[in-house]
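Chain by chain, the residues:
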Amino acid sequence: MLAAIVACSDAEPESPDDDADGAGGMGATSPGGGASGVGGGGGGGGVPAQVAATLRIIDPSSGEGFAGVSVQSRVDPAVEVTDDAGRATVSVNVGRGYRVQLDANDARRHNVFGVATADPFEQITFMSPDAVTTAVFGALGLTDDGGRGILVVGLDLPSLAPALGATASIDAAADAPFIFVNGMPAAGSELVPGAQGFVTFPNVAPGMVTITTTFPDGACRVFPAETQANQVEVIAGEVSVMAFTCR
């Protein structure tokens, strides 16, 4: 399992990276409501208001919290380290795109993107050790291209159950996407019964990427603010994660 985390098919491309941050994770929970749009929220043109974002990082090789991961928001110089449960809390700007960087010794950097509301929230995301990534790529007959990146698109219902029937596609060059069905990797970009709630795009060309999704029961919007942001930055040799809520 590579990470967890979809976008909107009915929106103009819009970047979540308004404040040099970015957008999302695998599953996520928000204690409050109050969705706000990209570029909103924050104090009349002064310093943007900030909110606490708790990242809960899961090691897919064990299913347990990933302890010892360094977590840093692009707008907060403090580096926090995850506890035994895999949790760390950083500050992100309200109403703007955020990017939170995750670093561990045995994994490539993961960049979690989203758009925050004024309410503190928790976001759950997998962080794959390189050994897991290598095994999955091998099972699918893929070659890991260090000059490209990996993009993980989350497709969850508000309950964090997989949004079955949802699909994801991107406008960048990449190898064929895959999902996990009953714990095994399988080619495809639609969540079928037994699938986990994310689609992975391997070997994506670096740069800004627009994500398009479909969902038979409604639409998917970026977590947690549920705006129409649907662009994410892919970086060579790293993993980008963007989570969406489908309803």
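For the structure, see preceding data.
Residues numbered from 1 in each chain as written. Predicted model: local features only at pLDDT ≥ 70, side-chain atom pairs only at ≥ 80, totals over all residues. Heavy atoms only, no water.

### Structural notes on the pattern of salt bridges
Argument step 1. Across all of its chains, the model carries 6 salt bridges by this definition.
Argument step 2. Across the salt bridge formed by Arg-99 and Glu-233, the nearest N and O atoms sit 2.2 Å from each other. With a gap of 134 residues between them, Arg-99 in strand β7 (residues 97-104) and Glu-233 in strand β17 (residues 231-234) connect regions that are remote in the sequence.
Argument step 3. Glu-233 gets classed as partly exposed once you look at its relative accessible area, which sits at 26%.
Argument step 4. The partner of Arg-109 in a salt bridge is Asp-103, with the nearest N and O atoms 3.0 Å apart.
Argument step 5. By relative accessible area, which is 28% here, Arg-109 ends up partly exposed.
Argument step 6. The network of salt bridges with common partners includes Arg-108, Asp-130 and Asp-144. (Salt bridge = Lys/Arg side-chain N within 4 Å of Asp/Glu carboxyl O. Helix = DSSP H or I, 4+ residues; strand = E, 2+ residues; numbered from the N terminus. Buried < 20%, exposed > 50% of the residue type's maximum accessible area, 1.4 Å probe, protein only.)

### Let's talk about the pairing of strand β15 (residues 207-214)
Argument step 1. Where strand β11 (residues 167-170) lies against β15, 4 bridges are found, and the strand directions are antiparallel. Paired with Ile-170 across the two strands is Ile-211, which belongs to β15. (Pairing = 2+ DSSP bridges.)

### Details of the side chain of Glu-122
Argument step 1. The residue Glu-122 is located in strand β9 (residues 121-126) in this model.
Argument step 2. Within polar-contact distance, the side chain of Glu-122 engages the side chain of Arg-87 at 2.6 Å. (Polar contact = N/O pair within 3.5 Å; in protein donor to acceptor, adjacent residues only side chain to side chain.)

### Looking at helix α1 (residues 130-139)
Argument step 1. Residues of α1 that are buried: Val-132, Thr-133, Val-136 and Phe-137. For α1, the angular spread of buried residues about the axis comes to 130°, placing them on one side. Away from the buried face of α1 by more than 90 degrees, exposed residues Ala-131, Thr-134, Gly-138 and Ala-139 are located.
Argument step 2. Looking at the packing, one finds that the buried side of α1 touches β8 (107-115), β10 (149-156), β12 (178-181), β13 (184-187) and β14 (198-204). (Arc of directions from axis to C-beta. Contact = heavy atoms within 4.5 Å.)

### A word on the sheet that holds β11
Argument step 1. As summarised here, the arrangement of the 3 strands in space is β11-β15-β17, forming an open sheet in which the pairing is antiparallel. Edge positions in the open sheet fall to β11 and β17, since each of these has one partner strand only. Between one strand axis and the next, the sheet turns by 35° as a mean value, whatever way the strands run.
Argument step 2. Sheet topology note: the β15/β17 ladder contains 4 bridges and is antiparallel. Opposite Met-208, over in β17, you have Glu-233 as the bridge partner. (Axes fitted to C-alpha atoms, helices over the stretch in contact; angles between N-to-C directions.)

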